[in-house]
Amino acid sequence: MSLSLDLTSPDARAALACPVAAEKPPLIGLTRPELAEALVAAGIVPEKQAKMRASQLWHWLYVRGVSDFSLMFNISKDLRTALDRHFSIARPEVVEEQNSTDGTRKWLFRFPPRGAGRPVEIETVYIPEEGRGTLCISSQVGCTLTCSFCHTGTQKLVRNLTAEEILAQLLSARDRLGDFPDRDTPAGAIVPTEGRKVSNIVMMGMGEPLYNFEAVKKALLIASDGDGLALSKRRITLSTSGVVPEIYRTGEEIGVMLAISLHATNDDLRDLLVPINKKFPLKDLIAACRAYPGLSNARRITFEYVMLKDVNDSLDDARALVALLKGIPAKINLIPFNPWPGTNYQCSDWETIERFADFINNAGYASPIRTPRGRDILAACGQLKSESERMRKVDRLALEAMMIAGHGEA
Ligand code: SAH
Ligand code: SF4
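Fair warning: this is a prediction, and the values are worked out from it, not measured in the lab.

What follows covers the site of ligand 1. The full set close to ligand 1 counts 21 residues, and Gly207, Ser239, Ser261, His263 and Asn338 are the nearest of them. At a separation of 3.0 Å, a nitrogen atom of ligand 1 approaches a polar backbone atom of Phe149. Gly207 is positioned with one of its backbone polar atoms (N or O) 2.8 Å from a nitrogen atom of ligand 1. Burial of ligand 1 by the protein amounts to 96% of the accessible area it has alone, namely 530 Å². A molecule is said to occupy a pocket when more than half its atoms come within 2 Å of that pocket's grid points, and by this definition ligand 1 occupies the largest cavity. Among the elements of the structure, strand S8 (236-240), strand S10 (301-307) and strand S11 (330-336) are those that each provide at least two residues to the shell around ligand 1. For the shell around ligand 1, the per-class residue count stands at 10 nonpolar, 9 polar and 2 charged.

And the structure:
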């Protein structure tokens, strides 16, 4: 058997280099008290100064978005050097950046290994719209769930992302979009929220955010902290396929807007489309929605409904949808199905989608049809699937190559 491996390719080099632990612990993703504690534990800040230093760092990291200690010009050079020796605030590697003809942008980020793991790659998508810009953030590498119409669902879960990695997607996207204040802005200056490129975030990328609750919670509380990234919780939406036991906590402990991937109005069909329904059927899901903390006409739940030709797109389905959601302050978001290589589903015809939307509108629901964005770069809903899978193959090849060369361990 002959095996050739291109050692000049970054994938192969990364594969050969791993597993290597990330050397310095990250500061991004720590709460303020954790940040203060880390500075003291590293022996570089006296306890009585810790709170003040943590606030100073918080401003640099989250208001100014710096990723290099040397830019923190109101911190002494000695302390900056000590910080750099102990901690990392580096951004992930940008493996690929794609721009769609419609202005949508997609990044493939690579994060270093955690412990004995391997590097992972995830995708983040930016969707500019009139008067706002939404960043679609991933919570896991792959997904444990297997929704039959979702591309991510065909990729096994590799691992949960850490709070740092979830936030890094927001920070890196803002870097790339030029969405942080420039270097001349005085330290401590408050940056206005108007005119921001990333005005909204949605946890609708890869993965099921409620199966990574603690990290998602930590990241979103930092993203909404008024003295830092300062995104209003009303501009943050978490989408779940229906992890019922965590829904109440999402409202109570995080307080962001909720979106439910509904897609079907009876258990038989939903079991097929969103298999988690077998564990948490519609009755329990709808009850959890009714009990969502803070639910009101001003804070509605978004129900996502993917339009699948001849599967869930009839007027009877629309009627059943309206009946199911009766009494819940709701918005219904119709998502034209985004095809991906290998799927058996088709998107409903445009007239069918419009007829469905009209029925729902007439029943009193706002029901925007989500215009597919970034289809040309596979950035639309459900099309995300990172290269991690391919990398695993590269890893294997790399390992085989090392064994053949006599460097590997069996
Ligand atoms: N795992 C979470 C969040 C990520 S998916 C969830 O399922 O809610 C974001 C949204 O895109 C979900 O509503 C999902 O059902 C939908 N989606 C997945 N694949 C899709 C596809 N191929 N076309 C259109 N929407 C899709
Ligand atoms: Fe996972 Fe959401 Fe895709 Fe279902 S739709 S497989 S929960 S990412």
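We now examine the packing of helix H10 (residues 315-324) against helix H11 (residues 350-362). Between H10 and H11, whose axes approach to 9 Å, the crossing angle comes to 30°. By the criterion of interaxial angle, the relationship of H10 to H11 is roughly parallel. Helix-helix and strand crossings are classified by hand; for H10 and H11 the assignment is right-handed. Together, Leu315, Asp317, Ala318, Arg319, Leu321 and Val322 of H10 and Arg355, Phe356, Phe359 and Ile360 of H11 make up the contact between the two elements.

What follows is about the site of ligand 2. The local shell around ligand 2 consists of Cys143, Leu145, Cys147, Cys150, Gly153, Gly207 and Ser241. The site holding ligand 2 turns out to be the largest cavity. Among the residues forming the shell around ligand 2, the class breakdown is 4 nonpolar, 3 polar and no charged.

The subject of this paragraph is the confidence of the model for the chain. Confidence in the prediction of the chain, expressed as mean pLDDT, is 86, and 83% of residues score 70 or more. Contacts for the low-pLDDT stretch residues 387-410, under 50 throughout, to residues beyond four places or in other chains number 37 contacts.

This paragraph deals with the sheet that holds S8. Reading across the sheet, the 9 strands line up as S1-S2-S3-S4-S7-S8-S9-S10-S11 and stay open at both edges, with mixed pairing between neighbours. The open sheet has two free edges, formed respectively by strand S1 (93-99) and S11, since each of these has just one partner strand. Recorded for the sheet is a direction-independent mean angle of 20° between the axes of neighbouring strands. Bridge count between strand S3 (residues 120-129) and strand S4 (residues 132-136): 5 bridges; the pairing is antiparallel. Within S4, the position partnered with Val125 by the bridge is Cys136. Against the sheet, helix H6 (residues 213-223) makes contact with strand S7 (200-203) and S8, and its axis sits at roughly 175° relative to S7, the strand it touches most.

With respect to the secondary-structure elements, Thr352 resides in helix H11. For the pair Thr352 and Asp310, spaced 42 residues apart in sequence, the C-alpha to C-alpha distance is 9.8 Å.

Criteria and cut-off values
Residues numbered from 1 in each chain as written. Chains lettered and ligands numbered in written order. Predicted model: local features only at pLDDT ≥ 70, side-chain atom pairs only at ≥ 80, totals over all residues. Heavy atoms only, no water. Near = heavy atom within 4 Å. Polar contact = N/O pair within 3.5 Å; in protein donor to acceptor, adjacent residues only side chain to side chain. Areas by Shrake-Rupley, 256 points an atom, 1.4 Å probe, with all protein chains shown as cover. 1 Å grid on protein atoms, 1.4 Å probe; cavity = no way out; pocket = protein on both sides within 12 Å on 5 of 7 lines; lining within 4 Å. Sits in = over half its atoms within 2 Å of the grid points. Helix = DSSP H or I, 4+ residues; strand = E, 2+ residues; numbered from the N terminus. Nonpolar A, V, L, I, M, F, W, Y, C, P; charged D, E, K, R; others polar. Axes fitted to C-alpha atoms, helices over the stretch in contact; angles between N-to-C directions. Parallel < 35°, antiparallel > 145°, perpendicular 65-115°, else oblique. Left-handed = near helix turned anticlockwise from the far one by under 90°. Contact = heavy atoms within 4.5 Å. pLDDT = per-residue confidence, 0-100. Pairing = 2+ DSSP bridges.

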